[in-house]
Amino acid sequence: MDRKMGCKVASLVAAGACLLGAATAAQAEDTKIALGMSGWTGFAPLTLADKAGIFKKNGLDVELKMIPQKDRHLALASKAIQCAATTVETHVAWNTNGVPIVQIFQMDKSYGADGLAVRNDIKSFADLKGKTVAVSAPGTAPYFGLAWMLSKNGMSLKDVKTVSLEPQPAAQSFVAGQNDAAMTYEPYLSTIRANPQAGKILATTIDYPMVMDTVGCAPDWLKAHPKAAQALAQSYFEALDMIKADPAKANEIMGAAVKQTGEAFAKSSAYLRWQDKAANQKFFAGELQQFMKDAGAILLEAGVVRKQPENFGAMYDDSFIK
């Protein structure tokens, strides 16, 4: 083969590789993901990955859908979404109640970002007996958090009266003078922190570390789109890198999604810890499994599930955080 012919062949090979790369990228971009979440501060890196173009860079077309936690499993069951961000015990409840979902990476751990606010005359959990607590519906993180805290203090949900309110209105109504207590989370918990005349924070996840969030996806979708799932996890970790590299810009973007300034968002996020790849690997190595078992007992006691959860191994897959 002469040099001229060799160059032509090389050019054709290069062109073919280029076209193949373009086709692969286009195919990846065609993999659409609808992900259900809420305005919870811990989920904000997903918003950052979306607004900063990280998802797109990694070949994903992600639609973030704001769906109340109590309804997210219905969206998953109807295939309106393929993935969801929610608390670990919620994944356990969904799986146990017939809506399979597989956790693929951890997002955050709450360090004071979830809490129980009470009137100033309530000194202890014992004083809550017979009182009215505003809290989200059964199957949500605030409901579980309240059940967990009560259980750790020798009480149960039967000892209090509950009024079903989502975290934001629960906080707002408490500040307005309604109900004896409210179970809520950031950024809404800061509304109560800023109004000490309305009440105080009796306990948070610093005292009771039981709020940790993961992203999970439908098992059939995961089986069909493992590369997209890998890219989803990687996008989250890259969003955390951006937060470290340019916190001011990242906080402005994340804060805007929940109508906060960058400064206010930074204060809210100080009450949680986002989990990088190393933290994920440690969490999935044992802590996750133990917490799911502990949570299962509380879920059963609270009536969120009707039977003891089983087969915890089917509820997570750590291959996407390697």
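These numbers come from a predicted model, not from an experiment.

Rules of the game
- Residues numbered from 1 in each chain as written.
- Predicted model: local features only at pLDDT ≥ 70, side-chain atom pairs only at ≥ 80, totals over all residues.
- Heavy atoms only, no water.
- Pairing = 2+ DSSP bridges.
- Helix = DSSP H or I, 4+ residues; strand = E, 2+ residues; numbered from the N terminus.
- Axes fitted to C-alpha atoms, helices over the stretch in contact; angles between N-to-C directions.
- Contact = heavy atoms within 4.5 Å.
- 1 Å grid on protein atoms, 1.4 Å probe; cavity = no way out; pocket = protein on both sides within 12 Å on 5 of 7 lines; lining within 4 Å.
- Points joined across faces, edges and corners; volume = space filled by probe spheres on them.
- Domains from an automatic or database assignment.
- Core = buried A, V, L, I, M, F, W, Y, C linked by side-chain atoms within 4.5 Å.
- Buried < 20%, exposed > 50% of the residue type's maximum accessible area, 1.4 Å probe, protein only.
- Nonpolar A, V, L, I, M, F, W, Y, C, P; charged D, E, K, R; others polar.
- UniProt positions renumbered as here; feature names shortened; annotations may be inferred.
- Buried area = accessible area lost by both parts, 1.4 Å probe.
- Salt bridge = Lys/Arg side-chain N within 4 Å of Asp/Glu carboxyl O.

### Things to note about the sheet that holds strand β8 (residues 181-185)
Step number 1: Here we have five strands laid out as an open sheet, ordered β7-β6-β8-β5-β9, and mixed in their pairing. With one partner strand each, in any of the chains shown, β7 (161-164) and β9 (200-204) form the two edges of the open sheet. Geometrically, the sheet is characterised by an average inter-axis angle of 30° between neighbouring strands, direction not taken into account.
Step number 2: Sitting on the sheet, helix α7 (residues 167-175) touches β5 (114-118), β6 (132-135) and β8, and the angle it makes with β8 is about 140°.

### Let's talk about the layout of surface pockets
Step number 1: Each pocket or cavity is described by its volume, and for the largest pocket that value is around 480 Å³.
Step number 2: Along the wall of the largest pocket there are 30 residues; nearest its centre are Ser38, Gly39, Trp40, Tyr185 and Tyr188.
Step number 3: Of all the secondary-structure elements, those providing two or more residues to the lining of the largest pocket are α4 (69-77), β3 (83-87), α6 (141-152) and α7.
Step number 4: Ranked by residues supplied to the lining of the largest pocket, first place goes to α7 with three residues.
Step number 5: Counting contributing residues, the lining of the largest pocket receives three or more from each of domain 1 (31-109 + 211-302) and domain 2 (114-204).

### Details of the nonpolar core
Step number 1: Within the largest apolar cluster, 103 residues are counted, with the highest numbers of intra-cluster contacts made by Leu116 and Leu232.
Step number 2: With 11 residues, helix α10 (residues 226-245) is the largest single contributor of residues to this core.
Step number 3: Here this core spans two domains, since at least three of its residues come from each of domain 1 (31-109 + 211-302) and domain 2 (114-204).
Step number 4: Non-local contacts of Leu232, meaning those with residues more than four positions away in its chain, are made with Leu35, Phe55, Leu60, Cys83, Ile104, Phe105, Val215 and Cys217.

### Section: empty space enclosed by the protein
Step number 1: Counting across every chain of the model gives one cavity of 30 Å³ or more.
Step number 2: Contributing to the lining of the largest cavity are Met37, Ser38, Gly39, Trp40, Thr41, Phe43, Ala44, Thr47, Met66, Met254, Ala257 and Val258.
Step number 3: The residue inventory of the lining of the largest cavity, partitioned by class, reads eight nonpolar, four polar and no charged.

### A short note on the UniProt feature "domain: SsuA/THI5-like" (unreviewed entry) in the chain
Step number 1: The residues that UniProt annotates with the feature "domain: SsuA/THI5-like" (unreviewed entry) are residues 41-250.
Step number 2: Note that residues 41-250 is 41% helix and 23% strand, and that its end C-alpha atoms are spaced 13 Å apart.

### Regarding the domain arrangement of the chain
You'll often see interface size given as the accessible area lost when the parts meet.
Step number 1: One can read the domain layout of the chain as domain 1 (31-109 + 211-302) and domain 2 (114-204).
Step number 2: The straight-line distance from the C-alpha centre of domain 1 to that of domain 2 is 24 Å.
Step number 3: Each partner contributes to the interface: domain 1 provides 21 residues, whereas domain 2 provides 20 residues.
Step number 4: Around 1,700 Å² of area is buried between domain 1 and domain 2 when both sides are counted, 67% of it from carbon and sulfur atoms.
Step number 5: A per-residue breakdown of the area domain 1 buries against domain 2 is headed by Trp40, Tyr271 and Ile298, which together make up 29% of the total.
Step number 6: Joining domain 1 to domain 2, the criterion identifies zero salt bridges.

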